[in-house]
Amino acid sequence: MDRMPVILDVDTGVDDALALLLACRCPMLEVLAVTCVHGNIGVDAVVENTLRVLDAAGARADLPVAGGFGEPLVQPVQHCPEIHGKDGIGDLSPPLPPSP
């Protein structure tokens, strides 16, 4: 069966963490790369969260992950820690292990 190649653009909060987990484990998809943007938390933390989720998903170690623009293009920066947690992915306890 041919796998559909995809590039995922995420702001890795709870919803995108689930999308990454499902995409990496789906036999019908071939994840080619992941791009990260500012969203529920700043882009540097999004990249860190993305790497941790990809590690937990068993994604290949050489999967390209790139950080994008660090703030919204139009709207002012808004974070919702009361919804997404201080870490952007629900303040997991215990947290995901650091990415190597």
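Higher on the page you've got the structure.
Note that this is a predicted model, so its numbers are computed, not measured.

Q: Quick one: what's the story with the overall build of the protein chain, residue by residue and with numbers?
A: The number of helices and strands found in the protein chain is 3 helices and 3 strands. Listing each helix as α and each strand as β along the protein chain from the N terminus yields β-α-β-α-β-α. The principal-axis extents of the C-alpha atoms in the protein chain amount to approximately 45 × 35 × 20 Å. Looking at the protein chain as a whole, 32% of its 100 residues are labelled buried. For the protein chain, the accessible area works out to roughly 6,400 Å², and carbon and sulfur atoms hold 60% of it. Computed over 5 positive and 14 negative side-chain charges, the separation of the two mean positions in the protein chain equals 8 Å.

Q: I'd love a proper account of helix α1 (residues 14-25), names of residues and values included.
A: In this model α1 runs 17 Å from its N-terminal to its C-terminal C-alpha over 12 residues, within 8% of the 16 Å that 1.5 Å per residue would give. Along α1, the residues that are buried comprise D16, A17, L20 and A23. Looking straight down α1, one finds its buried side chains confined to an arc of 135°; they lie on one side. Seen from the open side of α1, the exposed residues pointing more than 90 degrees away from its buried face are D15, L22 and R25. Tucked into the core, α1 has its buried residues touching β1 (4-10), β2 (29-36) and α2 (43-57).

Q: So what about the sheet that holds β1? Which residues, and what values?
A: A sheet is described by the order of its strands in space; here 3 strands give the open sequence β1-β2-β3, paired in parallel fashion. The open sheet has two free edges, formed respectively by β1 and β3 (65-67), since each of these has just one partner strand. Adjacent strand axes in the sheet meet at a mean angle of 20°, parallel and antiparallel pairs treated alike. As paired elements, β2 and β3 share 3 bridges and run parallel to each other. Within β3, the position partnered with T35 by the bridge is A66.

Q: Please set out the environment of G85 residue by residue, giving values where relevant.
A: Within the fold, G85 resides in the segment after α3 (81-84). Apart from residues lying up to four places away in sequence, G85 is in contact with C80, G90 and D91.

Q: Tell me about the side chain of H38, residues and numbers included.
A: By secondary structure assignment, the location of H38 is in the loop between β2 and α2. Note on H38: relative accessible area 13%, which makes it buried. A distance of 3.1 Å separates polar atoms of two side chains, one belonging to H38 and the other to H79. Residues in contact with H38, not counting those within four places in the same chain, are D11, V43, F69, G70, E71, P72, V77 and H79.

Quick notes on the rules
Residues numbered from 1 in each chain as written. Predicted model: local features only at pLDDT ≥ 70, side-chain atom pairs only at ≥ 80, totals over all residues. Heavy atoms only, no water. Helix = DSSP H or I, 4+ residues; strand = E, 2+ residues; numbered from the N terminus. Buried < 20%, exposed > 50% of the residue type's maximum accessible area, 1.4 Å probe, protein only. Areas by Shrake-Rupley, 256 points an atom, 1.4 Å probe, with all protein chains shown as cover. Lys, Arg positive; Asp, Glu negative; His and termini not counted. Charge placed at Lys NZ, Arg CZ, Asp CG, Glu CD. Expected span 1.5 Å × (residues − 1). Arc of directions from axis to C-beta. Contact = heavy atoms within 4.5 Å. Pairing = 2+ DSSP bridges. Axes fitted to C-alpha atoms, helices over the stretch in contact; angles between N-to-C directions. Polar contact = N/O pair within 3.5 Å; in protein donor to acceptor, adjacent residues only side chain to side chain.

On their own, these measurements won't tell you what the molecule is for.
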